[in-house]
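Spelled out from the first residue to the last, the chains are:
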Amino acid sequence: MVSPRLLTLLLLTQVFGQAQRMTQDALLMQYIERRIILLEERLEKCNQDMNKNVREFRDFRKEIMFRLDGLSIYKTEFKNEMEVMGSRIGRMEKDIDYLEAQQPTQPCVEIDDKLAEAEIQQEQKRRAKFRTTSDCDNMLTSFKSLKIVKKAGKAQGSWIKDPVRDFHKIYFFSGTSGKSFVEFVGIRAFMDSTGRQAPKRVTLPLAWQGTGHVVHNGFLYFHSNGTLNQIIKYDIRNGTVSDRMLLNGAGRIPAYQLTPGTFIDLALDEQGLWAIHAEPENSGDGTIVLTKLDQGNLAVEHTWDTSCTSKGAEAAFMLCGTLYVVYNTHFGSRSHVQCIYDVVDTVTSADLPALYFPKRYGKHSMIHYNPRERQLYAWDDGYQTIYKLNTKKKLQEPPSFK
C-alpha cells in the first residue's frame, strides 16, 4: 500500500512538469510571434522601398522622354543645318570651278621654238584629219533633264544601245564581269516588269570585264576578262568573235579611280569608236589617255595624252570628238564635268561652264553617249538613267601657226 507522502510527491512532480512544459510552450510562442513581427516589418520596409523605386523609375522615365524629345528637336535642327551647309558647299564648288576656269594654271616648260613649231604643225595636221571625218561641231553646255528609267541589276553595270543597227534594242550588263548579257527588244520591254516580253540572254565565247562595253553596227566591243588590254569585237547576230586587238599601255591601272573595275572604257560618238584608259604617273595618280580606233579592223588611228587625271574620276564620255571626264568623291557627292579634251583643240577646259549633273543617288559606274539620240545613258548605283543635253556650236578655231 502506497503511502500518502509518496502520492503527494508524485502529484507535485507531475504538476511541476506540466507547468514547465507550459512555460516552454509560452516562450516558443513568444519567439515565433517576435519573428513574425520582424518579418512583417521587413516586408513593410521592402514594400516601401519598392514603392520608392517605382516612383524614382517613373520620374527617371519622364526625364528620359523629355530629353529624347529635346534630342529629336536637335536632330531636326542639325539635319536642316547640314542641308543648308550642303547647298552652300555646292555653290562654293561652282564658284571655285568658275574661278579655276577663269585663271587656268600654265605649265612652265622650256622648249626649242623651231621644234615646238614643228610639233604643233604636225599635231594640227593630225587634228585636221579628224575635222574632216565628221561635221559635228557641238559642245555640251548643260544637262537638260534626268530620267530614271529603272532600277535593276547590281550596283555597277552598263546598259547601252546600238546607234546604227537595231537601234531600238537595249543591251544590259549587270556587274563588272560576266560571260553573258541580256538583250531587250526596246525600252518598253526593258521597263516592263510583268514578263510579257521576255528578254533574250546571250552567252559569249569570252567573258567581259568592266563597264566600258559598246555596241556599234551589230558588233559588241568589250575588254576581255582575265587579259591586261585585249579588246574583243563580237558579232551579235552570228555569235562569233570577228576581231581582237591589244591596246598598248592600257590595263595597268583603272581608267577612273572611283570605278576600279573598269580598266578600258570604250566610247562612241559622231566620229566612231574610242578607247579611254589611264597610264600611271610617278605620283601614283593616272593620266587619262584617249585612242581613236577603226571600228572595222580595230586599228589604232591616233592616241592623245590628255591633260585630265584619273584621280577622283568616276566615268567619261565622248561627244563630237571631245572627251568629257566626270569627277566625284569616294562618298558620293554631286558628279560634275571638270576636265575636257578636244582632239581638234577647238575648246578647252577653260571654255567649260560649271557642268553639274542633276541630283542623283551616288556615283556613276558608266556614262555613254548615244550619237543617234544625242543623250547620255548612265548607270547610277543600280539605277538606269538617261540625261538629255543642251549643246551649242564650238568656239572658233584658234589661229594656226604658219
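See the structure shown above.
Procedures and definitions
Residues numbered from 1 in each chain as written. Predicted model: local features only at pLDDT ≥ 70, side-chain atom pairs only at ≥ 80, totals over all residues. Heavy atoms only, no water. Helix = DSSP H or I, 4+ residues; strand = E, 2+ residues; numbered from the N terminus. Buried < 20%, exposed > 50% of the residue type's maximum accessible area, 1.4 Å probe, protein only. Contact = heavy atoms within 4.5 Å. Areas by Shrake-Rupley, 256 points an atom, 1.4 Å probe, with all protein chains shown as cover. 1 Å grid on protein atoms, 1.4 Å probe; cavity = no way out; pocket = protein on both sides within 12 Å on 5 of 7 lines; lining within 4 Å. Points joined across faces, edges and corners; volume = space filled by probe spheres on them. Nonpolar A, V, L, I, M, F, W, Y, C, P; charged D, E, K, R; others polar. Disulfide = S-S within 2.5 Å. Patch = residues over 30% accessible without salt bridge, like charges linked within 9 Å, V, L, I, M, F, W, Y side chains within 5 Å. Salt bridge = Lys/Arg side-chain N within 4 Å of Asp/Glu carboxyl O. Pairing = 2+ DSSP bridges. Lys, Arg positive; Asp, Glu negative; His and termini not counted. Polar contact = N/O pair within 3.5 Å; in protein donor to acceptor, adjacent residues only side chain to side chain. Axes fitted to C-alpha atoms, helices over the stretch in contact; angles between N-to-C directions.

## What about the overall build of the protein?
- If you tally the helices and strands in the protein, you get 3 helices and 19 strands.
- Here the protein holds 402 residues, and the buried ones make up 39% of them.
- At a minimum sequence separation of 6, the contacts of the protein that also span at least 24 residues come to 53%.
- Roughly 24200 Å² of accessible area belongs to the protein as shown, and the carbon and sulfur atoms make up 54% of that amount.

## Overview of empty space enclosed by the protein
- Across all of its chains, the model carries 2 cavities of 30 Å³ or more by this definition.
- Volume-wise, the largest cavity comes out at about 90 Å³.
- In terms of lining, the largest cavity is formed by Ile160, Lys161, Pro163, Val214, Val215, Ala267, Leu268, His368, Tyr369, Asn370 and Tyr377.
- Elements with a contribution of two residues or more to the lining of the largest cavity: strand S5 (200-216), strand S9 (265-269) and strand S17 (364-370).
- In terms of residue count, the dominant contributor to the lining of the largest cavity is S17 (3 residues).
- For the lining of the largest cavity, the residue count by class is 8 nonpolar, 2 polar and 1 charged.
- Residue lining of the second largest cavity: Thr211, Tyr256, Thr259, Thr262, Asp265, Ala315, Ser365, Met366 and Ile367, and that is the complete set.

## Describing the environment of Met191
- Looking at the element boundaries, Met191 is found in helix H3 (residues 187-191).
- Counting along the chain gives 41 residues from Met191 to Lys150, while the straight-line C-alpha distance between them is 6.5 Å.
- For Met191, the contacting residues outside a window of four places in its chain are Val149 and Lys150.

## A short note on the state of the cysteines
- This structure, assessed with the given rule, holds 2 disulfides.
- Here Cys136 connects covalently by a disulfide to Cys320, the sulfurs 1.5 Å from one another. Taken together, the residues Cys136 in the loop between helix H2 (113-131) and strand S1 (138-151) and Cys320 in the loop between strand S13 (313-319) and strand S14 (322-327) connect sequence positions 184 residues apart. In this pair, the class of Cys136 matches that of Cys320, namely buried.
- Here Cys308 engages in a disulfide with Cys339; their sulfurs sit 2.0 Å apart.

## With respect to a nonpolar patch on the surface
- A cluster of nonpolar side chains, namely Phe57, Phe60, Ile64, Met65, Leu68, Leu71, Ile73 and Tyr74, defines an oily patch on the protein surface of about 840 Å² accessible area.
- Here Phe57 lies in helix H1 (residues 4-102).
- Given the relative accessible area of 55%, Phe57 is considered exposed.

## Considerations on the pairing of strand S8 (residues 240-246)
- Where strand S7 (residues 230-235) and S8 come together, 6 bridges link them in antiparallel fashion. Directly across from Gln230, in S8, lies its bridge partner Leu246.
- Where S7 folds back onto S8 in an antiparallel hairpin, the turn is made up of 4 residues, including Gly239, whose phi is positive at roughly 70°.

## Regarding unusual backbone geometry
- Not every positive phi belongs to a glycine, and Asp166 is a case in point at roughly 50°.
- Here Asp166 shows up in the loop between strand S2 (157-160) and strand S3 (170-174).
- Positive phi, close to 55°, is recorded for Cys320, a residue that is not glycine.

## Here we look at the side chain of Asp162
- By secondary structure assignment, the location of Asp162 is in the loop between S2 and S3.
- Nearest to the buried, unbridged Asp162 among oppositely charged side chains is Arg165, at 5.9 Å.
- A polar side-chain atom of Asp162 sits 2.9 Å from the main-chain amide nitrogen of Val164.
- With residues near it in sequence (within four places) discarded, Asp162 still touches Phe167, Lys169, Tyr171, Val215, His216, Asn217 and Gly218.

## A closer look at the pairing of S5
- Direction of pairing for strand S4 (residues 177-184) relative to S5: antiparallel, over a ladder of 6 bridges. For Ser177, the partnering residue across the bridge sits in S5 and is Gln209.
- As judged from the 5 bridges shared by S5 and strand S6 (residues 219-224), these two strands associate in the antiparallel manner. Paired with Trp208 across the bridge in S6 is Ser224.

## As for the sheet that holds S9
- Ordered in space as S9-S10-S11-S12, the 4 strands form an open sheet in which the pairing is antiparallel. The strands lining the two open edges of the sheet, one partner per strand, are S9 and strand S12 (300-309). Neighbour-to-neighbour, the strand axes of the sheet open up by a mean angle of 30°, direction not taken into account.
- With 5 bridges connecting them, S9 and strand S10 (residues 272-280) associate as antiparallel partners. Residue pairing in the sheet places Leu268 in a bridge with Leu273 of S10.

## Some thoughts on the sheet that holds S6
- If you trace the 7 strands from one edge of the open sheet to the other, you get S2-S3-S4-S5-S6-S7-S8, paired in antiparallel fashion. The sheet is open, and its two edges are formed by S2 and S8, each paired on a single side. Ignoring which end each strand starts from, the neighbouring axes of this sheet average 40° apart.
- Here S2 runs beside S3; their pairing, made up of 4 bridges, is antiparallel. Looking across to S3, one finds that Ser158 is bridged to Phe173.

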